[in-house]
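Residue-level structural notes
Here is how the chains run, residue by residue.
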Amino acid sequence: MKSLILSVASRALMPTLLIVSFYVLWRGHNEPGGGFIGGLVAVLGLVIMSKAEGVRAARDFLRIEPLSLAAIGLGCSVVSGVWGYIVYGTVLKGVWPFITVAADGSKSGLPVGSIFLFDLGVYLVVIGGVLGMLFAMEEVVAPEPDEDETRDGGAG
Amino acid sequence: MRFLPALLAFMATAWFWSFLPAISAGETRSWAWAWLPDQGVELALRIDGLSLLFALLITGIGTLIFLYTAAYFRNDDRLPRLLTLLMLFGISMLGLVLADDAISLFVFWEGTTVTSFLLVGFDHNRRYARASALQALIITGLGGLALLAGLIILGQFAGTYRLSEMVLMGDAIRASEIYIAATIFVLLGCFTKSAQFPFHFWLPGAMAAPTPVSAYLHSATMVKAGVYLLMRMSPALGGTEIWMWSLTICGAITMIVGSVWAMKQDDLKLMLAHTTLMGLGALVMLLGSGTKEAAKAAVLFLLVHALYKAALFLSVGILDKQAGSRMVDDLGGLRGAMPLSFAIAALAALSMAGFPPFIGFIGKEVIYESALHSAASPLLVTGSALAANIMMVACAGLVAIKPYFGERRAQKNPGDPVFGLWFGPAVLAALGLWFGLFPAALGHDLLEPALGAVTGKAAEVKLYLWHGVNLPFLLSLLTFAAGIGLFLVIGAVRRALQAARVPGAEDGYDLGLAGIDRLSAWVTRSLQGGRMTVYLKLSFAVFAGVIWMAILMSNTELSRPDFRVPLFQFGVVVLILVSTVVVTFTPSRLIAICALGGVGSGIAMLFVMYGAIDVAMTQLLVEILVVVFFAIALLQLPRTPISLGFRPFDMALSVALGLGVIVTLWAVLGTELNLYLTEYFEKYSAPKALGRNIVNVILVDFRALDTLGEVSVVLIAAIAAVAVMRAGREARK
């Protein structure tokens, strides 16, 4: 059921969506976006790939089990919380290591810190969690014959 | 490596031993760390005479048991798990007896419950072990909850959670109105933990644990936790009628039931478990008497019982290991093949039967002495103690004489065990003799400070092997005579007992459990139809009910709606309405899904119009993904069209829910919007959290804890969903 058009389109769409998703994640703190939305955009990219090339190809592209990715994401968020605890004694308090506060109270520098790590965690959990369910569902509904099974079938 | 726990326990024993001079001089030691300062809860530890006695029992017997365990399981790869659990248990138990803070005590108390559960269910592939572990957990766990309630009531009344301060307020507590409630709750906790009637039945079941575990937890230490707490709390709660009678009666019944049931057991380990019930009952009964003499007897018997019972359990373990069985009828004549094991069993059994010059004899004398002066009922207490002790003599014979004399019987070729197996019980049995011969130092150094803690005032303990010819001595002679007589006819007694079928409290437990099972099965059948439509209907019905209840209970005034909205918005609303109608009336699943997508997109557009870009983006993306999910699921669904019969209940439900939501929203529009939070976030989002997108800042900074919870739920849901789907795929293969 592979479609050539979708396959070709996905080669352009998938990387674009992934880049957009990261951009959405990055700008989320100041403009509409953020980890949740970014994660959903990335999921769409991989959904297109899995529709065009098959779930196996999408899994191979991810290289890592989606649920593991989600677990890593949750780990990032937890680490971000602990980071705040270590620096300020308050769990999940934002830490901005690259921001300097001038005498008049204005802040400047690179706005990257524990908050971004937290949002990155959300991003990864959304990607991993949704893709995990989606791939599993797709494999149940339309299982792709894997090598072991074909060999079994041949022998039987 | 496998001897490390024993070494650690030995070091702990030595460390506690080093406190002995100071404690027996009447001092105490205490440490405290803040834990929940707002609630007045701390991790407070305190060593006084009673704690020290228990700590020495726990670490000392622990050392020997850990050594024994390492030998008993030496060729078993489960040894590390067993030792780890035993160590965890030992630590919890130590914490329990050292804790001075009621809440810390409860935490350690539950620690022993949980480790006991894991240890009883150690052979987790045996159904009986699992059921027994669960039974022990349910009974002691429920008691633990009652105990927590009791301790909190006491703590709130006393204004302190320090036990050492509570016990000084005994008179005030006894005079207060919380006394009855607090006492009942604390007693429930103690009685379940120490297996007092009517909660006694979990203890024999707990014998599903490996023998060293039973010796340690279910005879020498954990089941004494309830007794410990009764001792600890007696200055605060004791001395009243309710205390005296509930302890005396429950203790006496437990003692008699345990003794009678012990005689009929075939399994030596189960027999010992029932004699443990006898020991625990005796301790509780003595504590109920309320006299100083009785408290002294209790403290002494605690030590006596721990020594002989642990030794006997371990020697039954030796029989099991070396002779291949622990059934009374399978064993006999092993004296020649296992002389050392016989000597150990004999020493311990003589102490259990209370023969001189063992410490058991002194213990029994002191018990009779105090029973004759019991404040409750001398006749009842002395009578039941006498009956139980006679039966103990017979049981001691069954454990130490039956397997070693007579015709030689064994399941395999028996012989004395390795050092690790005989050392522990030998030390314990020898201590029983040593203390019997030299009781004075024991009484003064160890028991006197413990007694002081139980009675709340300084006390003197003078122990003698020879009391002279007095009434207790005569009772002892009667015990020996009757006990030996009973042992001679034990075969007939056992047959008679085994033939009798008496309903016990355990049947009540089974009935209760079966009732709960049936109830939950019924609830599950009614609520969990297993069909998506049933779940949805149920959820929506509850939702509609709640909404309408809220509407009807508040006197909502509906304002006149304002229809002056831009035309474009009307367009979106029409899109949503049309899509909804299509969803409801189309027979094609594909069209229904697309139309649902239309509803979602329309709502997303409304969000855009009101400036909620983030929400709109999320809504749109979720909408797209839902269509993808549905599309995949569609491949599995039947191709037949949806049947569109008229379903009045569903329609009524939809109308009720829809109207409810409309009325609620309408009412909300009429109220004044509280902008406090909005203004707060607008003001602080950029300067404090360095972000101008308030929605995102709320998600990842201000309310990050909520988000953390949500992403955890996403992950858990995904794991569950993937597992379910994989299971379905496996099943189909």
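Residues numbered from 1 in each chain as written. Chains lettered and ligands numbered in written order. Predicted model: local features only at pLDDT ≥ 70, side-chain atom pairs only at ≥ 80, totals over all residues. Heavy atoms only, no water.

Counting its regular elements, chain A contains six helices and two strands. The secondary structure elements of chain A, listed N-terminal to C-terminal, are α-α-α-α-β-β-α-α. Its C-alpha atoms give chain A a radius of gyration of 20 Å, more than 25% over the compact-globule value 15 Å for 156 residues. For chain A, the C-alpha atoms occupy an extent of roughly 75 × 30 × 20 Å along the three principal directions. Counting every position in chain A, which comprises 156 residues, the buried fraction comes to 47%. (Helix = DSSP H or I, 4+ residues; strand = E, 2+ residues; numbered from the N terminus. Rg over C-alpha atoms; globule rule 2.2 N^0.38 Å. Buried < 20%, exposed > 50% of the residue type's maximum accessible area, 1.4 Å probe, protein only.)

Next up on the list: the overall build of chain B. Check the secondary structure of chain B and you find 31 helices and two strands. For 733 residues, the compact-globule estimate of 2.2 N^0.38 gives 27 Å, and chain B exceeds it by more than 25% at 34 Å. Its C-alpha atoms give chain B principal-axis dimensions of about 110 × 60 × 50 Å. Going through the 733 residues of chain B one by one, you find that 50% of them count as buried. Considering only residue pairs separated by 6 or more positions, chain B has 78% of its internal contacts joining residues 24 or more positions apart. When the accessible area of chain B is evaluated, it comes to approximately 33500 Å², of which 70% is carbon and sulfur surface. Distance from the positive charge centre (49 side chains) to the negative charge centre (43 side chains) of chain B: 10 Å. (Contact = heavy atoms within 4.5 Å. Areas by Shrake-Rupley, 256 points an atom, 1.4 Å probe, with all protein chains shown as cover. Lys, Arg positive; Asp, Glu negative; His and termini not counted. Charge placed at Lys NZ, Arg CZ, Asp CG, Glu CD.)

On to the UniProt feature "transmembrane region" (unreviewed entry) in chain A. Residue and element names in this part refer to chain A. According to UniProt, the feature "transmembrane region" (unreviewed entry) maps to residues 12–29, 35–55, 67–88 and 115–136 in the numbering used here. Between the end C-alpha atoms of residues 12–29 the distance is 28 Å, and the span holds 89% helix and 0% strand. Each end of residues 67–88 is marked by a C-alpha atom, and these two atoms are 32 Å apart; helix forms 100% of the span and strand 0%. (UniProt positions renumbered as here; feature names shortened; annotations may be inferred.)

Our next topic: the interface of chain A and chain B. Across the boundary between the two partners, chain A contributes 46 residues, which contact 42 residues of chain B. The contact between chain A and chain B buries some 4000 Å² in all, and 77% of this surface belongs to carbon and sulfur atoms. Among the residues of chain A in contact with chain B, A:H29, A:M137 and A:V140 are the three that bury the most area, contributing 14% of the side total. Inspection of the chain A/chain B interface yields two salt bridges. For A:E65, the salt bridge goes to B:R726, with nearest N and O atoms at 3.6 Å. For the pair chain A and chain B, the interface holds nine residue pairs in polar contact (both at pLDDT 80 or more). (Buried area = accessible area lost by both parts, 1.4 Å probe. Salt bridge = Lys/Arg side-chain N within 4 Å of Asp/Glu carboxyl O. Polar contact = N/O pair within 3.5 Å; in protein donor to acceptor, adjacent residues only side chain to side chain.)

All right, on to unusual backbone geometry then. Note on backbone geometry: most residues besides glycine have negative phi, and most peptide bonds are trans. A cis amide bond, omega 5°, links B:F197 with the succeeding residue B:P198. With respect to the helices, strands and loops of the structure, B:P198 is situated in the loop between helix 9 (179–193) and helix 10 (202–205). Each neighbour pair has its own omega, and for B:P356 with B:P357 the value is 5°, a cis peptide bond. The backbone of A:L92 shows a phi angle near 70°, a positive value even though the residue is not glycine. Look at B:A195: it is not a glycine, yet its phi comes out positive at around 55°. Overall, the relative accessible area of 0% leaves B:A195 in the buried class.

What follows covers the domain arrangement of chain B. By the assigned domains, chain B splits into domain 1 (1–238), domain 2 (252–488), domain 3 (500–528) and domain 4 (674–733). The C-alpha-based centres of domain 2 of chain B and domain 4 of chain B are spaced at 62 Å. (Domains from an automatic or database assignment.)

A word on the UniProt feature "domain: Na+/H+ antiporter MnhB subunit-related protein" (unreviewed entry) in chain A. In the numbering adopted here, UniProt assigns the feature "domain: Na+/H+ antiporter MnhB subunit-related protein" (unreviewed entry) to residues 5–131 of chain A. Here residues 5–131 of chain A is 72% helix and 5% strand, with 23 Å between the C-alpha atoms at its ends.

All names here are of chain B. Look at helix 16 (residues 339–353) against helix 19 (residues 419–437): their axes get within 8 Å of each other, and the N-to-C directions meet at 35°. With respect to the hand of their crossing, helix 16 and helix 19 are arranged in left-handed fashion. Where helix 16 abuts helix 19, its residues L340, I344, L347 and A348 lie against W422, P425, A426, A429 and L433. The residue inventory of the contact of helix 16 with helix 19, partitioned by class, reads nine nonpolar, no polar and no charged. (Axes fitted to C-alpha atoms, helices over the stretch in contact; angles between N-to-C directions. Left-handed = near helix turned anticlockwise from the far one by under 90°. Nonpolar A, V, L, I, M, F, W, Y, C, P; charged D, E, K, R; others polar.)

The next thing to look at is helix 22 (residues 490–499) of chain B. All names here are of chain B. Among the residues making up helix 22, those that are buried are I490, R494 and L497. Along helix 22, the residues classed as buried sweep out an arc of 65° about the axis, all on the same side. More than 90 degrees from the buried face of helix 22, the exposed residues found are R495, A496 and A499. Buried residues in helix 22 make contact with helix 13 (241–264), helix 14 (268–289), helix 18 (378–400) and helix 21 (471–488). (Arc of directions from axis to C-beta.)

Summed over the entire model, instances satisfying the criterion amount to 20 salt bridges over all chains. Close ionic contact of A:E138 with A:K51 constitutes a salt bridge, the shortest N to O distance being 2.7 Å. Separated by 87 residues along the polypeptide, A:E138 in helix 5 (residues 114–141) and A:K51 in helix 2 (residues 35–53) bring together distant segments of the chain. According to the relative accessible area criterion, A:K51 is partly exposed, its value standing at 37%. Note that B:R78 and B:D123 form a salt bridge whose closest N and O atoms lie 2.7 Å from each other. With B:R78 in the loop between helix 3 (49–72) and helix 4 (79–98) and B:D123 in the loop between helix 5 (102–120) and helix 6 (127–158), this residue pair connects regions lying 45 residues apart in the sequence. The structure contains a network of salt bridges with shared partners spanning A:R59, A:E65, A:E139 and B:R726.

Once that is clear, we can look at the side chain of B:S341. As for its position among the elements, B:S341 is in helix 16. Apart from residues no more than four positions distant in its own chain, B:S341 is found in contact with B:I318, B:Y404, B:D416 and B:P417.

So, about the pairing of strand 1 (residues 29–36) of chain B. Residues and elements named next belong to chain B. With seven bridges connecting them, strand 1 and strand 2 (residues 41–47) associate as antiparallel partners. Opposite L36, over in strand 2, you have V41 as the bridge partner. In sequence, strand 1 turns back onto strand 2 through a hairpin of four residues, with G40 there showing a positive phi of about 70°. (Pairing = 2+ DSSP bridges.)

In this section: a nonpolar patch on the surface. Residues and elements named next belong to chain A. Together, V78, V82, W83, Y85, I86, V87, Y88 and V91 make up an exposed nonpolar region whose accessible area comes to about 760 Å². With respect to the helices and strands, the residue I86 is situated in helix 4 (residues 66–88). Residue classification places I86 among the exposed positions, given a relative accessible area of 64%. (Patch = residues over 30% accessible without salt bridge, like charges linked within 9 Å, V, L, I, M, F, W, Y side chains within 5 Å.)

Attention now moves to the environment of A:I37. Tracing the sequence through the fold places A:I37 in helix 2. Separated by 21 residues in the primary sequence, A:I37 and A:A58 place their C-alpha atoms 20 Å from one another.

As a further point, take the packing of aromatic side chains. Residues and elements named next belong to chain B. This structure, assessed with the given rule, holds 24 aromatic pairs over all chains. Measuring from ring centre to ring centre gives 6.2 Å for F19 and W31, while their planes differ by 85°; the resulting arrangement is edge-to-face. Of this pair, F19 sits in the loop between helix 1 (4–17) and helix 2 (20–24) while W31 sits in strand 1; the two residues are 12 residues apart in sequence, bridging distant segments of the chain. Looking at F19, the relative accessible area reads 10%, which means it is buried. Seen from their ring centres, Y680 and Y684 are 4.9 Å apart, and the 55° between their planes marks the pair as tilted. Here Y684 and Y680 lie together in helix 29 (residues 676–689), a separation of four residues that amounts to about one turn. One aromatic cluster is present, formed by W15, F16, F19 and W31 through successive ring pairs. Positioned above the aromatic ring of W261, the side-chain terminus of K264 is 4.9 Å from the ring centre. K321 extends its terminal NZ or CZ atom over the ring of Y72, reaching a point 4.6 Å from the ring centre. (Phe/Tyr/Trp six-rings, centres within 6.5 Å; stacked < 30°, edge-to-face > 60°. Lys NZ or Arg CZ within 6 Å of the ring centre and 35° of its normal.)

With 22 residues, helix 27 (residues 613–634) of chain B should reach 32 Å at 1.5 Å per residue; the first-to-last C-alpha distance of 31 Å fits that figure. Among the residues making up helix 27 of chain B, those that are buried are B:D614, B:A616, B:T618, B:L621, B:E623, B:L625, B:V628, B:I632 and B:L634. Residues of helix 27 of chain B that are buried make contact with helix 2 and helix 5 of chain A together with helix 26 (589–609) and helix 30 (694–702) of chain B. (Expected span 1.5 Å × (residues − 1).)

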